[in-house]
Each structure stands twice: as structure tokens, then as C-alpha cells.
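# Understanding the architecture of this molecule
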Amino acid sequence: MPALGPTEISNRQFCDALSPFGISPTEAQIAGMRQYLNLLLKWNRTISLTSIKDPVEIVSRHFGESMYASKLLPVENCRLADLGTGAGFPGLALKIIYPSIQLILIESNKKKCAFLSEVVRNLGIVDVEIRPERFEEIRPEALSANIITSRAVGEFKQVLGWSKNALAHRGHLILWVGADDSTRIAATPGWIWQPAAHIPDSQRRFILIGRPMESTSANPRY
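Residues numbered from 1 in each chain as written. Predicted model: local features only at pLDDT ≥ 70, side-chain atom pairs only at ≥ 80, totals over all residues. Heavy atoms only, no water.

Position of Ala186 relative to the elements: it lies in helix α7 (residues 179–186). Owing to a relative accessible area of 40%, Ala186 belongs among the partly exposed residues under this scheme. Sequence-distant contacts of Ala186, defined by excluding residues within four places in its chain, comprise Trp193 and Leu208. (Helix = DSSP H or I, 4+ residues; strand = E, 2+ residues; numbered from the N terminus. Buried < 20%, exposed > 50% of the residue type's maximum accessible area, 1.4 Å probe, protein only. Contact = heavy atoms within 4.5 Å.)

Turning next to the confidence of the model for the chain. In this model, the chain carries an average pLDDT of 92, and 93% of its residues clear a pLDDT of 70 or more. Here residues 1–6 is a poorly scored stretch, pLDDT under 50, and it has four contacts once near neighbours within four places are set aside; other chains count. (pLDDT = per-residue confidence, 0-100.)

It is worth spelling out the packing of aromatic side chains at this point. If you walk through the whole model with that rule in mind, you get eight aromatic pairs. Here Tyr36 and Phe89 contribute two aromatic rings whose centre-to-centre distance is 5.3 Å and whose plane-to-plane angle is 10 degrees, an arrangement assigned as stacked. Placement of Tyr36 in helix α2 (residues 27–43) and of Phe89 in the loop between β1 (79–83) and α4 (91–97) is noted, with a sequence separation of 53 residues between them. In terms of burial, Tyr36 and Phe89 fall into one category: buried. Note on Trp191 and Trp193: the rings are 5.3 Å apart at their centroids and 20 degrees apart in plane angle, and the pair reads as stacked. Trp193 carries the same exposure label as Trp191, and that label is buried. Here the aromatic residues Tyr36, Trp43, Phe63, Phe89 and Phe115 are joined through ring pairs into a cluster of three or more. (Phe/Tyr/Trp six-rings, centres within 6.5 Å; stacked < 30°, edge-to-face > 60°.)

As a further point, take the pairing of strand β3 (residues 128–131). Taken together, the four bridges between strand β2 (residues 102–106) and β3 define a ladder with parallel strand orientation. Paired with Ile106 across the two strands is Arg131, which belongs to β3. For the crossover that starts at β2, traverses helix α5 (residues 110–123) and ends in the parallel β3, the hand is right-handed. (Pairing = 2+ DSSP bridges. Right-handed = clockwise from strand over helix to strand, strands pointing away.)

It is at 9 Å that the axes of helix α1 (residues 11–18) and helix α3 (residues 55–67) come closest, and there the two elements cross at 50 degrees. What the angle tells us is that α1 and α3 run oblique. Relative to α3, the crossing made by α1 is right-handed. Touching Gln13, Phe14, Ala17 and Leu18 of α1 are Val56, Val59, Ser60, Phe63, Gly64 and Met67, all from α3. (Axes fitted to C-alpha atoms, helices over the stretch in contact; angles between N-to-C directions. Parallel < 35°, antiparallel > 145°, perpendicular 65-115°, else oblique. Left-handed = near helix turned anticlockwise from the far one by under 90°.)

With that out of the way, let us pick up the pairing of strand β8 (residues 205–212). Here β8 lies mainly inside the structure; seven of its eight residues are buried. Pairing geometry for strand β5 (residues 167–178) and β8, over six bridges, is antiparallel. Directly across from Gly178, in β8, lies its bridge partner Arg205. Pairing between strand β6 (residues 191–193) and β8: three bridges, direction antiparallel. Looking across to β8, one finds that Trp191 is bridged to Pro212. With two bridges connecting them, strand β7 (residues 197–198) and β8 associate as antiparallel partners. Within β8, the position partnered with His198 by the bridge is Phe206.

Next up on the list: helix α6 (residues 156–166). Of all 11 residues in α6, nine are buried, a share of seventy percent or more. Turning to α6, its buried residues number three or more, namely Phe156, Val159, Leu160, Gly161, Trp162, Ser163, Lys164, Asn165 and Ala166.

Turning next to unusual backbone geometry. The peptide bond linking Phe89 to Pro90 adopts the cis configuration, its omega dihedral lying at 10 degrees. Looking at the element boundaries, Pro90 is found in the loop between β1 and α4. The phi dihedral of Asp127 is positive, around 60 degrees, even though this residue is not glycine. Following the sequence through the fold, Asp127 ends up in the loop between α5 and β3. With a phi close to 60 degrees, Arg170 is a non-glycine residue in the positive phi region. Summarising the element assignment, Arg170 is placed in strand β5.

So, in C-alpha cells, the structure goes:
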């Protein structure tokens, strides 16, 4: 049996890498992820998309961690905006598992947007809007997202303030954060937060899910 190439990981390796996150992909979903992975590794030679080189670890750390959010909050049929999406995580990863998501990818880096367009085109993914902007440049009231996600929080106060205006009624914000940021964000007034969920196979990484309090969502200030 010939040795597997650097991007030719088996279906079983995909399933094993995603198993800790409660994800059981179909063969079609694995095929999509494999094509995505090949493009990611190819483009990563010329633009910085990920510091992870091992394909199996990419499946776990990027695809698995992204998809794990769907085990904590229903995402089917939602309008989801992914802030600073970078190489498309978590937005495109969730879209592969739940094609009914209406996806908005927000990324200010034009080269990364070109990569995202390539993935969307090659995988034949529909109902995806790629916006080459900083989220702060977008009028939040026009977005009306059911879910906003971000794995690259940066200045979280700005993300929280903007999201209050950008979320639809009873919409949720999902953040991938470290332990310290998780504690600080959960103490932010004007929000209701679920207990931070530890990310499987991670030392100090958590998913934090919250929504604006009803009393503050009508006329937020930031």
C-alpha cells in the first residue's frame, strides 16, 4: 500500500480527528474538507493562513474546534457572520457541516479574501458573502445576524459593542478565547453568558456564548 502524501489523509483520519468534538462527517463532507485542506496548504506557501503544518492537526484544531460550536448552540438555517474569518474558520467549516447556514465572511485582508473565494468556488458552496472589510467599517444594524462568531477576538470590547447592534433579536455571539479572556468577557455588563465550554483536546481554550440583555439591546452604546 503506497504511503499517504502530506495532504492525502484518509477518511478514517478525518473521523478520528473530529471525533473528540462530537462530529461524525459524511463522505461528502470529508471530500469537501479534503479539498479545502489541499487548498489551504497550497495557499499557505505564499500567504500566512495557518501556522499549523500537520494536516491531521489542521483538521482537529481548525475544523474540529470550529464545528464544536454547533454542539453548544444550534446553527442550522441561521444567518451567521464570521468576524476576522482569516482562512475561513469557523464560518466555512460550519457551513460544510450545515449547508443551510446563510454565511457572511468578514475579512479585511484582500489576499485571504481571494483564498476564501477560491475555496467557495472549488467546493461549489452557495449562499456565502465575502466582505473584504474590517467589521468596524460595516454598519451593524444592516447585518441582523442570528449568530456572530470570532476566533480572533482582538479588542473584545469593540467586538461586543458592535455585535450588540449587529445581532438580530435574541441572537448570539460565539467567541473562541483563552481562559483569562473568557473570565474578563463574561464579566462584561449588558450581556448574558453561558458557562464557558472547554474545547476538547485543548489546554486553556474555551468557547464562550452570550447574547445582549434585552434591556440594553434596543439602544446600545459603544
